[in-house]
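Next come the chains, spelled out residue by residue.
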Amino acid sequence: MEFSSGEELLRFWRQEDREQIDILFLDISMDGTDGMETAEQIRAWQKERNEPLWGSLPLLIFVTGHPEYMAKAFSVNAFHYLIKPIDEKEFVDVFTQAVRECRHLDGKKSAEMREILVRDGNITRSIPADDIYYIESNNRKIIIAMRDEKIECYGKISGMERELREGFFRTHRGYLVNMKYVERYSRTEVQMKNGSRLLISKYKYQDFVKAYLEYLAEEGR
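Residues numbered from 1 in each chain as written. Predicted model: local features only at pLDDT ≥ 70, side-chain atom pairs only at ≥ 80, totals over all residues. Heavy atoms only, no water.

Asks: Can you break down the overall build of the protein chain residue by residue, with the values?
Replies: Across its full length, the protein chain holds six helices and 13 strands. Viewed in the frame of its principal axes, the protein chain has a C-alpha envelope of about 65 × 40 × 30 Å. For the protein chain, the residues scored as buried account for 40% of the 221 residues in total. Across the protein chain, contacts joining residues at least 24 apart in sequence account for 46% of those joining residues at least 6 apart. Total accessible area on the protein chain stands at roughly 13400 Å², and carbon and sulfur atoms take up 48% of it. The centroid of the 34 positive side-chain charges in the protein chain is displaced by 11 Å from the centroid of its 39 negative side-chain charges. (Helix = DSSP H or I, 4+ residues; strand = E, 2+ residues; numbered from the N terminus. Buried < 20%, exposed > 50% of the residue type's maximum accessible area, 1.4 Å probe, protein only. Contact = heavy atoms within 4.5 Å. Areas by Shrake-Rupley, 256 points an atom, 1.4 Å probe, with all protein chains shown as cover. Lys, Arg positive; Asp, Glu negative; His and termini not counted. Charge placed at Lys NZ, Arg CZ, Asp CG, Glu CD.)

In structure tokens:
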């Protein structure tokens, strides 16, 4: 797939049903929007959607005759920066590394595509774990909070904790949070990116901090 300008690439990128691009080769010198600005807009688009900027696709590889932009490439999390004229062996080495990284990230993404089944009234629904902000315990029921809705159903928060595990943390006996949507935290509460403030037990605080920092490191945030 090839694009004649930065604008054409960005128009394609904003389409909801577009094909996935795993590796994106960019030149600094492009008609209209240059390669660096194009990369910045792509990363801004990912950030708006809470996508990690490190350890995610597409991998950005600059192929350009402008070595002076190399340092700036780090600000858009470039995978590599190749200077023209391109050495064939170097290109093959970089491309091989990129393909290997893509396979690793695809495998990781597949592992993250977990879903849970819940009973919502008379309907059984499949909910992607990635859409869950947090789960709250309410007597014999649980409340599953997502971006635009909350689902209340019978169940135990301990069962949800066992089912979801990776990426989630039980901050309190009444709350299970998705660390992807944690905005900030203190010793007494966790604030989520939707504005919700959830209690954190003093007995859980140290373990939460450790788990959250490990999560950030693994996600490359």
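Here the narrative resumes.
Asks: How would you sum up helix α5 (residues 157-164)? Please name residues and give values.
Replies: In an α-helix there are 3.6 residues to a turn, and that puts residues three or four apart on one side. Among all positions of α5, only I157, M160 and L164 are buried. The buried residues of α5 occupy one face: seen down the axis, they fall within an arc of 55 degrees. Those residues of α5 that are buried lie in contact with β4 (115-120), β6 (132-138), β7 (141-146), β9 (168-172) and β10 (175-178). The positive-phi residue at the C-terminal boundary of α5 is R165, with phi of around 50 degrees. (Arc of directions from axis to C-beta.)

Asks: Can you explain a nonpolar patch on the surface? Please cite residues and give values.
Replies: A surface patch of nonpolar side chains, about 390 Å² in accessible area, is lined by F25, I86, F91, V92 and F95. Take the nonpolar patch: its biggest share by element is three residues, from helix α4 (residues 88-112). As for its placement among the helices and strands, F25 is situated in strand β1 (residues 23-26). (Patch = residues over 30% accessible without salt bridge, like charges linked within 9 Å, V, L, I, M, F, W, Y side chains within 5 Å. Salt bridge = Lys/Arg side-chain N within 4 Å of Asp/Glu carboxyl O.)

Asks: Give a detailed account of the environment of I132, specifying residues and quantitative values.
Replies: Position of I132 relative to the elements: it lies in strand β6. Residues I132 and A217, 85 residues apart in the sequence, show an inter-C-alpha distance of 21 Å. Those residues in contact with I132, other than ones at most four positions away along the chain, are I116, I127, I144, A145, M146, F168, N178 and Y181.

Asks: For the pattern of salt bridges, give the residues involved together with the corresponding values.
Replies: All told, the structure shown has seven salt bridges when counted by the stated rule. The salt bridge partner of K72 is E40, with a shortest N-O separation of 3.8 Å. Here K72, found in helix α3 (residues 70-73), pairs with E40, found in helix α2 (residues 35-48); they are 32 residues apart in sequence, far enough to count as distant. Given a relative accessible area of 32%, E40 falls into the partly exposed group. The salt bridge involving R197 is made with E189; its shortest N-O contact spans 2.6 Å. Owing to a relative accessible area of 24%, E189 belongs among the partly exposed residues under this scheme.

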